[in-house]
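# Close look at the chain arrangement
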Amino acid sequence: MTLVAGIDSSTQSCKVVIRDAETGALVRQGRAAHPEGTEVHPDHWWVALQQAREQAGGFDDVAAVSVGGQQHGMVCLDETGEVVRPALLWNDTRSAGAAADLVDELGAAAWAEAVGSVPVASLTVTKLRWLAEHEPASAARTAAVCLPHDWLSWKLAGSPGLDQLVTDRSDASGTGYFDGRSNAYRRELFERGLGHDAILPRVLGPAEVAYPGDGAGFVIGPGAGDNAAGMLGVQADDDVLVSLGTSGVVCARSGAQPADPSGLVAGFADATGAFLPLACTLNAARVLDAVARTLRVSLAELSDLALAAPPGAGGLLLVPYLEGERTPNLPLSTGSLHGLTLANLTPENLARAAVEGMLNGVAAGLDALVEQGVSISAVRLIGGAAQSEAVRRIAPTVFGVPVQVPAPGEYVADGAARQAAWVLSGAAEPPTWPLGSLDAYEGTPTAGLRERYGEAATKFINR
């Protein structure tokens, strides 16, 4: 049996799965937590990876490894390869002003045409501009810039020279200075962010070897951004995928890179050589966490409460911009409750409003993809919040299409493992692994809910 390992270095934790390269059968796995916060020193990721790797029984019998990682995180290295400062993560919104400045300088349409995305606070280029403006000494020390999955792959390979840093199209496409059509960096946009040129990781093809096995004892694949790795893991090549984790992600595989000047849809690349038009909300599973904490109930109890309330929560509506928002681009916004009355302010209605509010925020991303030509007949739903029965049942009533939920799994890590098996095989396409059954959910759209949510959300945009 030939074994491969997939790593998911996400915002909250590191997961490792070890699978049979031929069948995809899970052999063993491990997990370790990351520290909280939107600014994290990369050393914490490395420590967590070692802990998860040890819990998974190590890599001594593993032939190939690939890393899926949280996108956009700014990792700056000096000329010796040391980390210059803690990484700013995708959900760090301090660069919102820098994003607005970058858009003003070139125009939204020019950015969309150049790299497929309009700068928002999540993208790496905006964090580089923030660094140049607020920490010029750190910017001046920066000799190389990479992303979380790039840095971890490089560390697994033994931290060779900076010129050996590598990445893949999917993660590079989330920086704001990479054109997925030509597969080339736009250096002038990078310099517009950092203020000077620096080493950037070489961009690999989807099944290209990143580092041979002579350094680490196993071949290292190119890796991928978490969303692209998740698409590989769930094998949703022809479906619209909604992932409800820390963020709410809506994406679909496409043969063309979109260029949305509104900035709602990012023209990312996928992990197979195609594109991954994507819309992302900053608020997903943690909306449910916050309301469960407020009601002093477990997530399972929150689900029961939500299902005990009527559709529409008796008129109670939550706009869940609890950490700012990216879709729409309102990084400094806050959440709000609408329609409060003596009659509807109940735990059941508040629980239902939390679920409906989170799903309505994600549905705005679905609408944005439709406007870019994506056809949606059904949604495949994954992520931590997808394990809530209330989320599963209510999702079709908000999205307006059937929802399919695969069995719980570590789909980003699984996608990385599938890529590792692909690298070993040398085949033209990734291997097809048995996915298992899909639970199907359907429901009648709740009358007026999307319209009421849209009206409430618009108040943030117009104020």
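These remarks concern the structure in this document. (Residues numbered from 1 in each chain as written. Predicted model: local features only at pLDDT ≥ 70, side-chain atom pairs only at ≥ 80, totals over all residues. Heavy atoms only, no water.)

What follows is about the overall build of the protein chain. Scanning the protein chain for helices and strands turns up 16 helices and 23 strands. The C-alpha radius of gyration of the protein chain comes to 21 Å, within 12% of the 23 Å expected for a compact globule of 463 residues. The dimensions of the protein chain, computed from C-alpha atoms along their principal axes, are 65 × 55 × 40 Å. Of the contacts made within the protein chain by residues no fewer than 6 positions apart, 72% connect residues no fewer than 24 positions apart. Surface accessibility of the protein chain: about 17,000 Å² in total, with carbon and sulfur atoms responsible for 51%. Distance between charge centres in the protein chain, computed from 31 positive and 52 negative side chains, equals 3 Å. (Helix = DSSP H or I, 4+ residues; strand = E, 2+ residues; numbered from the N terminus. Rg over C-alpha atoms; globule rule 2.2 N^0.38 Å. Contact = heavy atoms within 4.5 Å. Areas by Shrake-Rupley, 256 points an atom, 1.4 Å probe, with all protein chains shown as cover. Lys, Arg positive; Asp, Glu negative; His and termini not counted. Charge placed at Lys NZ, Arg CZ, Asp CG, Glu CD.)

On to the nonpolar core. Membership of the largest hydrophobic core comes to 55 residues, with the highest contact counts inside it found for Leu244, Leu359, Leu381 and Phe399. With twelve residues, the single largest contributor to this core is helix α13 (residues 347-371). When residues no more than four places from it in sequence are discounted, the contact partners of Leu359 are Leu244, Val391, Ile394, Ala395, Val398 and Phe399. (Core = buried A, V, L, I, M, F, W, Y, C linked by side-chain atoms within 4.5 Å. Buried < 20%, exposed > 50% of the residue type's maximum accessible area, 1.4 Å probe, protein only.)

A word on the sheet that holds strand β17 (residues 266-269). The seven strands lie next to each other as β17-β18-β16-β15-β21-β22-β23, forming an open sheet whose pairing is mixed. On the outer flanks of this sheet lie β17 and β23 (438-441), each paired with one strand and no other. Put simply, the sheet's adjacent strands are angled 30° from each other on average, direction ignored. Summarising the sheet, β17 and strand β18 (residues 275-281) pair through four bridges and their orientation is antiparallel. Residue pairing across strands places Ala269 opposite Phe275, the latter belonging to β18. Contacts from helix α10 (residues 226-234) reach β15 (240-244), β16 (248-252), β17, β18, β21 (379-382) and β22 (403-406) within the one sheet, and its direction differs from that of β18 by about 110°. (Pairing = 2+ DSSP bridges. Axes fitted to C-alpha atoms, helices over the stretch in contact; angles between N-to-C directions.)

For any two helices packed against each other, the geometry is given by the interaxial angle and the distance between the axes. Packing of helix α11 (residues 285-295) against helix α12 (residues 299-308) leaves a shortest axis separation of 9 Å and a crossing angle of 90°. In terms of axis orientation, α11 runs roughly perpendicular to α12. For the pair α11 and α12, contact is made by Leu288, Asp289, Val291, Ala292 and Leu295 and by Leu299, Leu302 and Leu305, respectively. Taken together, the residues of the contact of α11 with α12 break down into seven nonpolar, no polar and one charged. (Parallel < 35°, antiparallel > 145°, perpendicular 65-115°, else oblique. Nonpolar A, V, L, I, M, F, W, Y, C, P; charged D, E, K, R; others polar.)

Scanning all chains against the criterion turns up 23 salt bridges. For the salt bridge of Asp414 with Arg19, the shortest nitrogen-to-oxygen distance reads 2.9 Å. One end of the pair, Asp414, is in helix α15 (residues 411-425); the other, Arg19, is in strand β2 (residues 13-20), with 395 residues separating them in the sequence. For the pair Asp414 and Arg19, a shared accessibility class is recorded, and that class is buried. Connected through shared salt-bridge partners, Glu39, Arg85, Asp92, Arg94 and Glu135 make up one network. (Salt bridge = Lys/Arg side-chain N within 4 Å of Asp/Glu carboxyl O.)

Turning next to the side chain of Arg418. You can see Arg418 is positioned in helix α15. With relative accessibility at 4%, the residue Arg418 sits in the buried group. Those residues in contact with Arg418, other than ones at most four positions away along the chain, are Leu232, Gln235, Pro430, Pro431, Thr432 and Trp433.

Attention shifts here to the packing of aromatic side chains. Overall, the coordinates contain five aromatic pairs when judged by the stated rule. Relative to Tyr185, the ring of Tyr177 lies with its centre 6.2 Å away and its plane at 40°, an arrangement referred to as tilted. Three or more aromatic residues joined by ring pairs make a cluster, and in this case those are Tyr177, Phe178, Tyr185 and Phe190. Seen from the ring of Trp130, Arg94 lies directly overhead, with NZ or CZ sitting 5.0 Å from the centre. Sitting over the ring of Trp46, Lys155 keeps its end group 5.3 Å from the ring centre. (Phe/Tyr/Trp six-rings, centres within 6.5 Å; stacked < 30°, edge-to-face > 60°. Lys NZ or Arg CZ within 6 Å of the ring centre and 35° of its normal.)

The next subject is a nonpolar patch on the surface. Taken together, the side chains of Leu337, Leu340 and Leu345 make up a nonpolar region of the molecular surface, amounting to roughly 270 Å² of accessible area. Relative to the helices and strands, Leu345 resides in the loop between β20 (336-338) and α13. (Patch = residues over 30% accessible without salt bridge, like charges linked within 9 Å, V, L, I, M, F, W, Y side chains within 5 Å.)

For β16, the buried fraction is high: five of the five residues fall into the buried class. Bridge count between β15 and β16: five bridges; the pairing is antiparallel. Opposite Ser243, over in β16, you have Val249 as the bridge partner. Here β15 hands over to β16 after three residues, the two strands then running antiparallel side by side.

With that settled, consider α15. An ideal rise of 1.5 Å per residue puts 21 Å on 15 residues; α15 measures up with 21 Å between its terminal C-alpha atoms. Here α15 lies mainly inside the structure; 13 of its 15 residues are buried. Positive backbone phi, approximately 70°, marks Gly426, located one or two places after α15. (Expected span 1.5 Å × (residues − 1).)

In this section: the pairing of strand β1 (residues 3-9). Taken across its seven residues, β1 has seven buried, putting it largely inside the fold. Residues Leu3, Ala5, Ile7 and Ser9 of β1 are buried on one face, and the alternating residues Val4, Gly6 and Asp8, pointing to the opposite face, are buried as well. Judged from the seven bridges that link them, β1 and β2 form a sheet pairing that is antiparallel. Bridge pairing in β2 links Leu3 to Asp20. Linking β1 back to β2 in an antiparallel pair, the connection comprises three residues.

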